[in-house]
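Here's the letter readout for the chains.
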Amino acid sequence: MKTVGFEPRIVGILCNWCSYAGADLAGISRIKYPANIRILRVMCSGRVEPTFVLQAFASGADGVLVSGCHPGDCHYLEGNYKAFARKELLETLLEQMGIEKERFRLTWVSANEGELFARIVGEMVREIKKIGPFYLPKSWMHELQENKHGFHAEEKEAAVGGGVVER
Amino acid sequence: MSGKLKFAFYWAASCGGCDVAVLDINEKILDVAELADIYLWPVALDFKYKDIEALEDGFLDVSFFNGAVRNSEQKEIAHLLRKKSKVMVAFGSCACFGGIPGLANLYSKEEILSTVYAETPSTVNPEKVIPRPRFSVQEGELTIPEFFTAVYKLADFVNVDYSLPGCPPPVSLIIKAVEAIAGGNLPPVGTVIAGEKTVCDTCKKKKDEKRVVEFKRPHEIIPDPEKCLLEQGIVCCGPGTRGGCGGRCMEANMPCRGCFGPNAGVPDQGAKIASAIASTVVSKSEEEMKRLAAQVADPAGTFYRFSLPDSLLRGKALRRVE
């Protein structure tokens, strides 16, 4: 696995009231943390559907961080519990889909935990650098692209087979 | 339209149930025979591919294609029929979303071939022979279709005009489609010939507060036939599945298995069902939520039972070494 010089792309989906403010605090406090995270703000971690996480991976993210208020602190009272219940199912689903557990995290970061936010991002980047980039199977894309050529199977495509999977 | 219509039926990676569903329209099949000439139907009639190749482009009025695309032959026929047909219908869940065969995308081609040709207890194959697309013998080269690395839905290869989902599509929808074709009043291209609401929305069972205290599998309890199955703890795909099926499973007191695929505008059926199932877990204790989530058996296989090749990730990710 080629990981030298690999900079993971992490999508951070943060709740408006706690974690986004926490990330903001990390910024205004000038705490250093890796620039690998792209932050999206949602009103509540309870808004984060499993679809968002899968969409991020399908669009080329190497990791996804969802972060909300600590249990009991949710601005909408229990949105973060909903996020937690989804996370439990989603983790199993991701595992079955061959996505390592390091690539997805649900964390609680409050508005005054800028340092914690920076630490979490640092940890994620470190762990994902270890396991390498996330790829969807290239052979599938190859088979799909081949289609555009019309209905007769191409010579080279037929030559690919024989039970060898490109990994 | 003047004269008789020209139909083709084809089966790819499917169980054959869709072809049987065509026959299930019973005496209406005579109307179909009255209405249309059939140019290809491998399950019932003996036509050759070269007969289809010899037709003019766009000669056929409608091709009903059932089954997912798993090998190069199926892909070739999909392209051939597309070229020769005015209207292409993805018939059944496999053609629409990959269907049950699509669950093979949780395994690599390597794993599948090794299981089928080496590991199953009834297999004797000491030389580990597996099918190869090309093989040279004294008399020359033998070829068979190539087994792809994944299962695809029909629309991954050709433009599909209409989708008729279901495993198999219910007779009422087949008749609706045939009547629309016969009457010449086809809906806009891209229409899914099914309902617009979810199965859950159209389900007749009594629905109260969706709050699950214990997940059960269908064989573990005898559910109350009046009440919502999900509320009784049975994982039901109804909240994330397109309706229009008539709710036959729920009538038989079985949960929705999701064969009509995602509802309109939903990019990923499994994620939607996961979200709906998780929302029935109402608790503030992390331990309790963990315990309940662990009771849901095989989330990927259950939520994507019919739609894995149509999902955002399409299957299990296999990382490539560069």
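Please read all numbers here as calculations on a predicted model, not as lab measurements.

**Points about the overall build of chain A**
Of regular secondary structure, chain A possesses six helices and four strands. Beginning at the N terminus, the succession of helices and strands in chain A can be written as β-α-β-α-β-α-β-α-α-α. Taking all contacts inside chain A whose residues are at least 6 apart in sequence as the whole, residues at least 24 apart take part in 80%.

**Observations regarding the overall build of chain B**
Of regular secondary structure, chain B possesses twelve helices and nine strands. For chain B, whose C-alpha radius of gyration is 22 Å, the value lies close to the compact-globule estimate of 20 Å for 322 residues. Considering only C-alpha atoms, chain B reaches an extent of 65 × 55 × 35 Å along its principal axes. Each of the 322 residues in chain B was classed as buried or not, and the buried ones make up 47%. Residue pairs in contact within chain B that sit at least 24 positions apart in sequence constitute 74% of those at least 6 positions apart.

**Considerations on the packing of helix H1 (residues 19-28) of chain A against helix H4 (residues 114-131) of chain A**
Residue and element names in this part refer to chain A. One can describe the packing of H1 onto H4 by two numbers: an axis separation of 7 Å at closest approach and a directional angle of 90°. When the axis of H1 is compared with that of H4, the two are roughly perpendicular. Counting all contacts with H1, which are made through Ser19, Gly22, Ala23, Leu25 and Ala26, the residues of H4 involved are Gly114, Glu115, Phe117 and Ala118. Tallied by class, residues from the contact of H1 with H4 come to five nonpolar, three polar and one charged.

**Some details on the confidence of the model for chain A**
Of all residues in chain A, 82% attain a pLDDT of 70 or more, and the chain-wide mean is 85. Counted against residues more than four places away or in other chains, residues 147-167 of chain A, with its pLDDT under 50, gives 43 contacts.

**A short note on the environment of Trp11 of chain B**
If you trace the backbone, Trp11 of chain B turns up in strand S1 (residues 5-11). Distance in space between the C-alpha atoms of Trp11 of chain B and Ala182 of chain B is 22 Å, their sequence separation being 171 residues.

**Here we look at the sheet that holds strand S2 (residues 37-42) of chain A**
Residues and elements named next belong to chain A. On the basis of which strands lie adjacent, the open sheet formed by four strands has the order S2-S1-S3-S4 and parallel pairing. Since the sheet does not close on itself, it has two edges, and those belong to S2 and strand S4 (104-108), each with one partner. Taken over all neighbouring pairs, the strand axes of this sheet differ in orientation by 20° on average, direction set aside. With five bridges connecting them, strand S1 (residues 10-15) and strand S3 (residues 63-68) associate as parallel partners. Bridge assignment links Val11 to a residue of S3, and that residue is Val64. In the packing of H1 onto the sheet, the strands contacted are S1, S2 and S3, and the crossing angle to S1 comes to about 115°.

**Quick look at the environment of Asn125 of chain B**
Residue and element names in this part refer to chain B. Tracing the backbone through its elements, the reader meets Asn125 in the loop between helix H6 (109-119) and strand S6 (134-137). Look at Asn125 and you get exposed, because 12 C-beta atoms sit within 10 Å. Filtering out sequence-adjacent residues up to four positions away, Asn125 remains in contact with Tyr117 and Ala118.

**Details of the pairing of S1 of chain A**
Residue and element names in this part refer to chain A. For S1, the tally of buried residues reaches six of six residues, placing the bulk of the element in the interior. Of the two faces of S1, the one lined by Ile10, Gly12 and Leu14 and the one lined by Val11, Ile13 and Cys15 are each fully buried. Note that S1 and S2 share six bridges and pair parallel. Its bridge partner being in S2, Cys15 is matched across the sheet by Val42. Taken together, S1, H1 and S2 form a β-α-β motif whose crossover is right-handed.

**A look at the sheet that holds S1 of chain B**
All names here are of chain B. Spatially, five strands are ordered S2-S1-S3-S5-S9 in an open sheet, and the strand pairing comes out parallel. Pairing within the sheet leaves two strands with one partner each, and these edge strands are strand S2 (36-40) and strand S9 (162-164). Direction aside, neighbouring strands of the sheet carry axes that sit 25° apart on average.

**Observations concerning the nonpolar core**
Membership of the largest hydrophobic core comes to 135 residues, with the highest contact counts inside it found for Val64 of chain A together with Phe65 of chain B. At eight residues, helix H3 (residues 79-96) of chain A tops the list of elements feeding residues into this core.

**What about unusual backbone geometry?**
All names here are of chain B. In this model, Cys167 is joined to Pro168 through a cis peptide bond whose omega is -5°. Its location among the elements puts Pro168 in the loop between S9 and helix H7 (171-183). Here Lys128, not a glycine, exhibits a phi torsion of approximately 55°, which is positive. By the element assignment, Lys128 lies in the loop between H6 and S6. For Lys128, a count of 10 C-beta atoms within 10 Å corresponds to the exposed category.

**Description of the packing of H3 of chain A against helix H11 (residues 286-295) of chain B**
Between H3 of chain A and H11 of chain B, the least distance of the axes is 9 Å, while the angle of their chain directions is 35°. Between H3 of chain A and H11 of chain B lies a crossing whose hand is right-handed. Residues Phe84, Ala85, Glu88 and Leu89 of chain A of H3 of chain A touch H11 of chain B, and the partners they reach there are Glu286, Met289, Lys290 and Ala293 of chain B. Across the contact of H3 of chain A with H11 of chain B, the residue classes break down as five nonpolar, no polar and three charged.

**Some remarks on the confidence of the model for chain B**
All names here are of chain B. When pLDDT is averaged across chain B, the result is 91; 98% of the residues are at 70 or more. Highest mean pLDDT in chain B belongs to helix H5 (residues 93-97) (97); lowest belongs to helix H2 (residues 28-35) (82). Prediction confidence for the complex, expressed as pTM and ipTM, is 0.89 and 0.90 respectively.

**Thoughts on the pairing of strand S8 (residues 147-152) of chain B**
All names here are of chain B. S8 sits mainly inside the fold: five of its six residues count as buried. Here strand S4 (residues 69-71) pairs with S8 via two bridges, running antiparallel. The residue of S8 that forms the bridge with Asn71 is Phe147.

**Digging into helix H4 (residues 72-84) of chain B**
In this model, H4 of chain B (13 residues) spans 18 Å end to end at C-alpha, consistent with the 18 Å of a helix rising 1.5 Å per residue. Listed in full, the buried residues belonging to H4 of chain B are Ser72, Gln74, Lys75, Ile77, Ala78, Leu80, Leu81 and Lys84 of chain B.

Calculation criteria
Residues numbered from 1 in each chain as written. Chains lettered and ligands numbered in written order. Predicted model: local features only at pLDDT ≥ 70, side-chain atom pairs only at ≥ 80, totals over all residues. Helix = DSSP H or I, 4+ residues; strand = E, 2+ residues; numbered from the N terminus. Contact = placed C-beta atoms within 7 Å. Rg over C-alpha atoms; globule rule 2.2 N^0.38 Å. Buried ≥ 20, exposed ≤ 12 C-beta atoms within 10 Å, placed from the backbone. Axes fitted to C-alpha atoms, helices over the stretch in contact; angles between N-to-C directions. Parallel < 35°, antiparallel > 145°, perpendicular 65-115°, else oblique. Nonpolar A, V, L, I, M, F, W, Y, C, P; charged D, E, K, R; others polar. pLDDT = per-residue confidence, 0-100. Pairing = 2+ DSSP bridges. Right-handed = clockwise from strand over helix to strand, strands pointing away. Core = buried A, V, L, I, M, F, W, Y, C linked by C-beta atoms within 7 Å. Left-handed = near helix turned anticlockwise from the far one by under 90°. Expected span 1.5 Å × (residues − 1).

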